[in-house]
Amino acid sequence: MIFDNHNRPITYLRLAVTDRCNLRCFYCMPEEGIKYLPKNQLLTYEEMERLVRVLARLGVSKIRITGGEPFVRNGLIDFLWRLKATEGVEELHITTNGVLTEPLVPELVRMGIGSVNLSIDTLDRERFRQITRRDELPAVLGTLDALLANDIPVKLNAVVMEGKNSEDLPLLAELTRAHPVEVRFIEEMPFNGEGSHYPVLNWTHRRILQELQLLYPGLKRQTDSPFSTAATYRIPGYRGTIGIIAAFTRTFCGTCNRIRLTAQGTLKTCLYDNGVLDVRALLRSGATDAELTAAFLKAFGHRPKNGFEAEHERGPVTESMSTIGG
Ligand code: SAM
Ligand code: SF4
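Named according to an unreviewed UniProt entry, the protein is GTP 3',8-cyclase originating from Larkinella rosea. Reading the Cofactor (unreviewed entry) entry of the UniProt record for the protein gives the comment "[4Fe-4S] cluster". Its UniProt record gives the protein a comment under Catalytic activity (unreviewed entry), which states: "GTP + AH2 + S-adenosyl-L-methionine = (8S)-3',8-cyclo-7,8-dihydroguanosine 5'-triphosphate + 5'-deoxyadenosine + L-methionine + A + H(+)".

Below is the structure:
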């Protein structure tokens, strides 16, 4: 296992397989004028497979596929099967908006997907349309039903936003009554692709917790899994759990075991950095596995201590989360 310069193990890769998406969530992408990467600037599946092999040899054992929306890229299912068979890859997970996912759920079961994170900010069709700028809630709910029916572990991601979906907090929390899901309330981050436009953070992790405690005075803190970004709670008697993710306040950097590869093949060793290594250029210049390994190790040896340090080094973030994958 490889440890970074702050003695944190690097075991988890978040791999963005595309920057394209079939929704336009306002906190992630502008409504119009998005410049998608030309195809030849995306990593190919073969390139991604090779990088996963190299990273798995360094001790990365958990992979999360993300994007953009992973299921808009052709050939994803075959790629997932190949990743699943890669030596050293112990866990394969996926984050999806669920619009195209329902018919693929049986295949995900067959390949033994570890879990699916489904993004769903609201259970109200009109609010969903306003947030995502598309009328796709029924398809997303179909995916949720299929995941639950097939016993795939599910986490539901909801970014909490003043005037957009804060009234959904209790409705989403109530999903944990009957279902063994983890509903995760996430602080909004500034990765909206609108330049350096930082939203006012009305819903901090503290306020989310206070609201939940008001609604559920018996709310019980749970033991978080190691390296978790979420502080986990349970409403007594409920089957599922509730996670609160301080994504903007960044309280969890001290145990961060994550690295990211963007769709264009840039390595990020912190969500808030500006990309620390052009892996695509290295690959396409004919680097050997040993050279790739050396470049990764060098980057892991220079990780910022936390997201604030990373952001300070680069200046305000400007990019869309769809290029990073969350
Ligand atoms: N399209 C897929 C989806 O929506 O699940 C995967 C990619 S999406 C970028 C991954 C996660 O990032 C989603 O759960 C989304 O809600 C979250 N996200 C995107 N922009 C965000 C922002 N500005 N602040 C907080 N979370 C954000
Ligand atoms: Fe698409 Fe996911 Fe971004 Fe929404 S959060 S626009 S679904 S990539």
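Draft legend 1. Main features of the packing of helix α1 (residues 45–57) against helix α9 (residues 289–300). With their axes 10 Å apart at the nearest point, α1 and α9 run at an angle of 60° to one another. In the packing of α1 onto α9, the handedness of the crossing is right-handed. On the side of α1, the interface is formed by Arg50, Leu51, Val54, Leu55 and Arg57, while α9 contributes Asp289, Leu292, Thr293, Phe296 and Phe300. The class makeup of the residues in the contact of α1 with α9 is six nonpolar, one polar and three charged.

Draft legend 2. Local environment of helix α4 (residues 125–132). Along α4, the residues that are buried comprise Arg127, Phe128, Ile131 and Thr132. Down the axis of α4, the buried set is contained in an arc of 115°. They therefore lie on one face. Buried-residue contacts for α4 involve α5 (137–149) and α6 (169–178). For α4, the N-terminal capping position is held by Asp124, with its side-chain oxygen 3.1 Å away from the main-chain nitrogen of Glu126. Remark: Arg133 follows α4 within two positions and exhibits a positive phi of approximately 60°.

Draft legend 3. Examining the sheet that holds strand β12 (residues 277–278) more closely. As summarised here, the arrangement of the twelve strands in space is β7-β8-β9-β6-β5-β4-β3-β2-β1-β10-β11-β12, forming an open sheet in which the pairing is mixed. Looking along the sheet, the strands with just one partner apiece sit at the ends: β7 (220–221) and β12. Bridge count for strand β10 (residues 258–261) against strand β11 (residues 266–268) is two bridges, and the pairing is antiparallel. Residue Arg260 lies in a different strand from β11, and its bridge partner there is Lys268. Relative to strand β4 (residues 115–119), α5 is tilted by about 155°, and along the sheet it contacts β4 and β5 (154–159). Here α9 sits on the sheet in contact with β10, β11 and β12, set at roughly 35° to β11.

Draft legend 4. Up close: the UniProt feature "domain: Radical SAM core" (unreviewed entry) in the protein. With numbering aligned to this structure, UniProt lists the feature "domain: Radical SAM core" (unreviewed entry) at residues 5–226. In the segment residues 5–226, helix accounts for 32% and strand for 15%; the C-alpha atoms at its two ends are 19 Å apart.

Draft legend 5. Just the packing of aromatic side chains, in detail. Under the defined criterion, the tally for this structure stands at six aromatic pairs. Aromatic pair Phe26 and Tyr27: ring centres 5.7 Å apart, planes at 70°, arrangement edge-to-face. Here Phe26 and Tyr27 have matching classes, each one buried. With a centroid separation of 5.3 Å and 55° between ring planes, the pair formed by Phe191 and Tyr272 is classed as tilted. Pair noted here: Phe191 is in the loop between β6 (182–186) and α7 (205–215) and Tyr272 is in the loop between β11 and β12, with a separation of 81 residues, a long-range link. With respect to burial, Phe191 and Tyr272 carry one shared label: buried. Just above the ring of Tyr272 sits the side chain of Arg250; from NZ or CZ to the centre is 3.7 Å.

Calculation notes
- Residues numbered from 1 in each chain as written.
- Chains lettered and ligands numbered in written order.
- Predicted model: local features only at pLDDT ≥ 70, side-chain atom pairs only at ≥ 80, totals over all residues.
- Heavy atoms only, no water.
- UniProt positions renumbered as here; feature names shortened; annotations may be inferred.
- Axes fitted to C-alpha atoms, helices over the stretch in contact; angles between N-to-C directions.
- Helix = DSSP H or I, 4+ residues; strand = E, 2+ residues; numbered from the N terminus.
- Left-handed = near helix turned anticlockwise from the far one by under 90°.
- Contact = heavy atoms within 4.5 Å.
- Nonpolar A, V, L, I, M, F, W, Y, C, P; charged D, E, K, R; others polar.
- Buried < 20%, exposed > 50% of the residue type's maximum accessible area, 1.4 Å probe, protein only.
- Arc of directions from axis to C-beta.
- Polar contact = N/O pair within 3.5 Å; in protein donor to acceptor, adjacent residues only side chain to side chain.
- Pairing = 2+ DSSP bridges.
- Phe/Tyr/Trp six-rings, centres within 6.5 Å; stacked < 30°, edge-to-face > 60°.
- Lys NZ or Arg CZ within 6 Å of the ring centre and 35° of its normal.

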